[in-house]
Amino acid sequence: MRRVPVTMLELVPWIKVHPLFSGPAVFLAVLGNVMMQTLRSACMAHGYRNVAFFVHCLEMFFWFTIVSAVLALVAGRPSLVFFHVAGTAAGLVAGTWLDSIFSIGKVALRAITTRDGAAWMTRSLRRRGFGVTTFDGEGLAGGVVLVYVVCRKKDEPDVIAVIRTIDKDCFLLTEPVARVEMSGPLRKTAWINKEVHGD
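1. Comments concerning helix 8 (residues 156-166)
Part 1: Taken as a whole, helix 8 has its buried residues at Glu156, Val159, Val162 and Ile163. Summarising the axial view, the buried residues of helix 8 lie within an arc of 135 degrees, below the 170-degree limit, and thus occupy one face. In this structure, helix 8 carries Pro157 and Thr165 as exposed residues pointing more than 90 degrees from its buried face.
Part 2: Buried-residue contacts for helix 8 involve strand 1 (106-113), helix 7 (115-127), strand 3 (142-152) and strand 4 (171-177).

As structure tokens, then:
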């Protein structure tokens, strides 16, 4: 009775036979695996556990069917270590790039500016539908105001553009937010904020 192939090296024997394909095979396999690991970590950090579960299942399937078999080439040919290292680095960059493209999660922005600047920022951001909270503080040169905004990551460039347009020299801090609990959406429509805040 003929034995059914159980590994990718048996299913795709030309990877092992032709050295020309061995390096690219190792590079692409490791790149895909590390890219999925990076995406899974990003989803977990931002609280998307269901998405992280799906990505992890895909990652494990990819590992057992392709990566584990292709990496067996490295044990027999140390010269392929370079392709493994390059694939790891490229996978990390690709995963980070995809994370920025998908704009997963939420971010918090803090801008420290003057009282006049804070008033203009608050009015402009609320008119665009963003919720804004302000705190009075004291800086080296006197009174300052902390403008605090939580928004979706894909809206971050819009918020930064408004802040920098009003005060390009203000101190601006951004950081990821793992979890947000509130009764409404992060970004309400502009006319609701206009009605509530009187902007």
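2. With respect to the confidence of the model for the chain
Part 1: Across the chain, pLDDT averages 78, with 80% of residues at or above 70.
Part 2: For the chain, per-element mean pLDDT is lowest for helix 9 (residues 190-197), which scores 36, and highest for helix 8, which scores 92.
Part 3: Long-range and interchain partners of residues 187-199, a stretch whose pLDDT sits below 50, account for 22 contacts in this model, where long-range means more than four residues apart.

3. Quick notes on the sheet that holds strand 2 (residues 133-139)
Paired through backbone hydrogen bonds, the strands of a sheet run either parallel or antiparallel to each other.
Part 1: The antiparallel open sheet is built from four strands, whose spatial order is 2-3-1-4. Each edge of the sheet is formed by a strand with only one pairing partner; in this case those strands are strand 2 and strand 4. Along the sheet, successive strands turn relative to each other by an average axial angle of 20 degrees, direction set aside.
Part 2: As paired strands, strand 2 and strand 3 are joined by seven bridges and run antiparallel to one another. From the neighbouring strand, threonine 134 faces strand 3, where its bridge partner is valine 147.

4. A few points about the packing of aromatic side chains
Part 1: Using the criterion set out here, one finds one aromatic pair in the structure.
Part 2: Arranged with centres 5.6 Å apart and planes meeting at 75 degrees, the rings of phenylalanine 82 and phenylalanine 83 form a pair that is edge-to-face.
Part 3: For phenylalanine 82, a relative accessible area of 58% corresponds to the exposed category.
Part 4: Taking the relative accessible area as the measure of exposure, phenylalanine 83 reaches 29% and is therefore partly exposed.

5. A few points about the environment of alanine 90
Part 1: By the secondary structure assignment, alanine 90 is in helix 6 (residues 81-102).
Part 2: Given the relative accessible area of 22%, alanine 90 is considered partly exposed.
Part 3: For the pair alanine 90 and valine 30, spaced 60 residues apart in sequence, the C-alpha separation works out to 8.8 Å.
Part 4: Setting aside its immediate chain neighbours within four residues, alanine 90 contacts Phe27 and Leu31.

6. Focus on the packing of helix 7 against helix 8
Part 1: Interaxial distance between helix 7 and helix 8 falls to 10 Å at its minimum, and their mutual angle equals 145 degrees. For the element pair helix 7 and helix 8, the recorded crossing hand is right-handed. Where helix 7 abuts helix 8, its residues Gly117, Trp120, Met121, Ser124 and Leu125 lie against Val159, Val162, Ile163 and Ile166.
Part 2: For the contact of helix 7 with helix 8, the class distribution of residues is seven nonpolar, two polar and no charged.

Rules used throughout
- Residues numbered from 1 in each chain as written.
- Predicted model: local features only at pLDDT ≥ 70, side-chain atom pairs only at ≥ 80, totals over all residues.
- Heavy atoms only, no water.
- Buried < 20%, exposed > 50% of the residue type's maximum accessible area, 1.4 Å probe, protein only.
- Helix = DSSP H or I, 4+ residues; strand = E, 2+ residues; numbered from the N terminus.
- Arc of directions from axis to C-beta.
- Contact = heavy atoms within 4.5 Å.
- pLDDT = per-residue confidence, 0-100.
- Pairing = 2+ DSSP bridges.
- Axes fitted to C-alpha atoms, helices over the stretch in contact; angles between N-to-C directions.
- Phe/Tyr/Trp six-rings, centres within 6.5 Å; stacked < 30°, edge-to-face > 60°.
- Left-handed = near helix turned anticlockwise from the far one by under 90°.
- Nonpolar A, V, L, I, M, F, W, Y, C, P; charged D, E, K, R; others polar.

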